[in-house]
Amino acid sequence: MSNLKLCQGTKCHTYHTKDRLKGTKGNKTYQTRRRSNFYYGGNNFCSFNCYNDWFNDFGDRAIDHFGRTTEAKHLTEQNAWIKDYDWSNGYENRTYVYRNGITKEQRPMTEEQYNDDSYTLNIN
Ligand SMILES: [Zn+2]
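Reference entry: report on the structure contained in this document. (Residues numbered from 1 in each chain as written. Predicted model: local features only at pLDDT ≥ 70, side-chain atom pairs only at ≥ 80, totals over all residues. Heavy atoms only, no water.)

Another point: the packing of aromatic side chains. Taken as a whole and judged by the stated rule, the model has 11 aromatic pairs. With a centroid separation of 6.0 Å and 90 degrees between ring planes, the pair formed by Phe-48 and Tyr-51 is classed as edge-to-face. Linking Phe-48 with Tyr-51, this pair stays in helix H1 (residues 48–66), spanning 3 residues, or about one helical turn. Measuring from ring centre to ring centre gives 5.7 Å for Trp-87 and Tyr-91, while their planes differ by 15 degrees; the resulting arrangement is stacked. The class of Trp-87 is partly exposed, set by a relative accessible area of 43%. The exposure class assigned to Tyr-91 is exposed, which follows from its relative accessible area of 53%. By the ring-pair criterion, three or more aromatic residues cluster together here, those being Phe-45, Phe-48, Tyr-51, Trp-54 and Phe-58. The ring of Tyr-85 carries the charged tip of Arg-94 above its face, separated from the ring centre by 5.6 Å. (Phe/Tyr/Trp six-rings, centres within 6.5 Å; stacked < 30°, edge-to-face > 60°. Helix = DSSP H or I, 4+ residues; strand = E, 2+ residues; numbered from the N terminus. Buried < 20%, exposed > 50% of the residue type's maximum accessible area, 1.4 Å probe, protein only. Lys NZ or Arg CZ within 6 Å of the ring centre and 35° of its normal.)

Structure representation (structure tokens):
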């Protein structure tokens, strides 16, 4: 039937908005928002507030679970390549390029390489 998802915000149901108020007369409750799409937190939260509420309640535990960053990461010449467009010949004639954020070197790339998420010049 419906493919509606529930907002994962821990306090979503406590915000008093008309769209959250559901039920029959005399039996109304504020309910967690239910939508086909959400725009926050990877399609899990109806608002930035709900995203923030969740993070305040669970963020530390989630970070500890998946691995807390304990040392500064470094962007070097070897891993600073980003996929980009070269607009120098105008919008219609834009080309795909790899651009190094450190050296500013630019290398041509095919559209296929641009769209291939596994294609990279970066060395980790
Ligand atoms: Zn929400």
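On we go.
All right, on to the coordination of the zinc ion then. Surrounding the zinc ion are the protein donor atoms Cys-7 (SG), Cys-12 (SG), Cys-46 (SG) and Cys-50 (SG), at 2.3 Å. In this structure, the zinc ion is surrounded by 4 donor atoms whose angles at the metal cover 105 to 114 degrees, and the resulting shape is tetrahedral. If you list the donors of the zinc ion from N- to C-terminus, the spacing comes out as C-x4-C-x33-C-x3-C. One end of the pair, Cys-7, is in the loop between strand E1 (5–6) and strand E2 (21–22); the other, Cys-50, is in helix H1, and 43 residues separate them in sequence. Since its relative accessible area comes to 4%, Cys-7 is described here as buried. (Donors = N, O, S within 2.8 Å, 3.2 Å for Na, K, Ca; no water. Tetrahedral: all angles 85-135°; square planar, octahedral: opposite > 155°, others 65-115°.)

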